[in-house]
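Here is what each chain is made of, one letter per residue.
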Amino acid sequence: DRTMVLMCKRLLPEAGCDIFLQGASSFKLPKGHTSVTIYCSRHNPGAAELAEELNAAFSSNIGVSGRGSRGRQGGTLSKRLSPGIRKALSSRGISSSRERTSGRFLHVVDELGSSGAGLKCDHMLVYLNAVTWMHDQEALAVEIREAQRLGVHLQLCHEFPSVLDPGSARKALNFKQIIDTTPPALTSGARNIYKQIAISLKGGELREVGLAALASKLVIRVPRAPVNDLVPSEATSLSIEHTV
């Protein structure tokens, strides 16, 4: 659908107006939205930058009585992206012209646990590209397993190769290659992180579509569901042993 919109813009360069396609991917914060709390691991390069990119793209007025905001009720929260985040976004060809926001779509925490900020975590954002499992593989795998133990929902997304920016700073990689470099313990059984669909992200004018799809997933607060390593047959066997 985004491709059709771009084609129309090329064919109608003098239209001087926005072109909308019914059913096209889009995202708008629901009325009364309060910041969604997500965890971005420091062992997952690019995850925190992506969260700030989402905040820049989908900023909106949010009453500060919600989570992740401060001040008196009815006010707004305004915050600039840090120089480091702006530089990271720029290196990936992403504009940060909307860096000043009057509210936060996402509230990013750096703690994943059963208390404190981690207790309120709605999702763990898992950002996948060519360096994800080459940077600090075991440390990231440990944090993902901890999120699964706590029942925190994992939201996966990956940088998809695009002819618009081949060899770009996004470090895009074919999804099968990403799976092949993933620790085996996270690709099978109850801890298989790929049982859900990872949202694909592209660059340039096609990026908006992926960001909208990702935002529509993150805005949903998923109830915690701790992962049990045991398969049903093993769990039944243990139950019988304990009752004997």
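Quick caveat: nothing in here was measured; it's all calculated off a predicted structure.

S.K.: Could you give me a rundown of helix α7 (residues 207-218), with the residues and numbers involved?
M.R.: Counting along an α-helix, one turn takes 3.6 residues, and residues three or four places apart therefore face a common direction. Helix length check: α7, at twelve residues, gives a terminal C-alpha distance of 17 Å against a target of 16 Å (1.5 Å per residue), a fit within 8%. Residues of α7 that are buried: Arg207, Gly210, Leu211, Ala212, Leu214, Ala215 and Leu218.

S.K.: Describe the nonpolar core, listing the residues and the values that go with them.
M.R.: With 22 residues, the main nonpolar core has Met124, Trp133, Ile144, Leu154, Leu156 and Ile193 as its most contacted residues. Of all the secondary-structure elements, those providing two or more residues to this core are β3 (123-128), α5 (137-150) and β4 (153-159). In terms of residues, this core owes the most to one element, α5, which gives five residues. Look past the residues within four positions of Ile144 in its chain and what remains in contact with it is Met124, Val126, Trp133, Leu154, Leu186 and Ile193. One finds Leu54, Leu125, Ile199 and Val219 within the second-largest nonpolar core, a separate group that totals 21 residues.

S.K.: Lay out the side chain of Arg191 with the relevant residues and their values.
M.R.: Turning to its location among the elements, Arg191 is positioned in the loop between α6 (175-180) and β5 (199-201). Looking at Arg191, its side chain comes within polar contact range of the side chain of Gln148, at 2.9 Å.

S.K.: Can you tell me about the packing of helix α2 (residues 47-57) against α7, naming the residues and giving the values?
M.R.: The description of two packed helices rests on the angle between their axes and on the distance between the axes. One way to put it is that α2 packs onto α7 with a least axis distance of 11 Å and a crossing angle of 95°. Considered as vectors, α2 and α7 are oriented roughly perpendicular to each other. Packed against α2, whose contacting residues are Leu50, Glu53, Leu54 and Ala57, the element α7 presents Arg207, Leu211, Leu214, Ala215 and Leu218 at the interface. Its residues assigned to classes, the contact of α2 with α7 shows seven nonpolar, no polar and two charged.

Rules of the game
- Residues numbered from 1 in each chain as written.
- Predicted model: local features only at pLDDT ≥ 70, side-chain atom pairs only at ≥ 80, totals over all residues.
- Heavy atoms only, no water.
- Helix = DSSP H or I, 4+ residues; strand = E, 2+ residues; numbered from the N terminus.
- Expected span 1.5 Å × (residues − 1).
- Buried < 20%, exposed > 50% of the residue type's maximum accessible area, 1.4 Å probe, protein only.
- Core = buried A, V, L, I, M, F, W, Y, C linked by side-chain atoms within 4.5 Å.
- Contact = heavy atoms within 4.5 Å.
- Polar contact = N/O pair within 3.5 Å; in protein donor to acceptor, adjacent residues only side chain to side chain.
- Axes fitted to C-alpha atoms, helices over the stretch in contact; angles between N-to-C directions.
- Parallel < 35°, antiparallel > 145°, perpendicular 65-115°, else oblique.
- Nonpolar A, V, L, I, M, F, W, Y, C, P; charged D, E, K, R; others polar.

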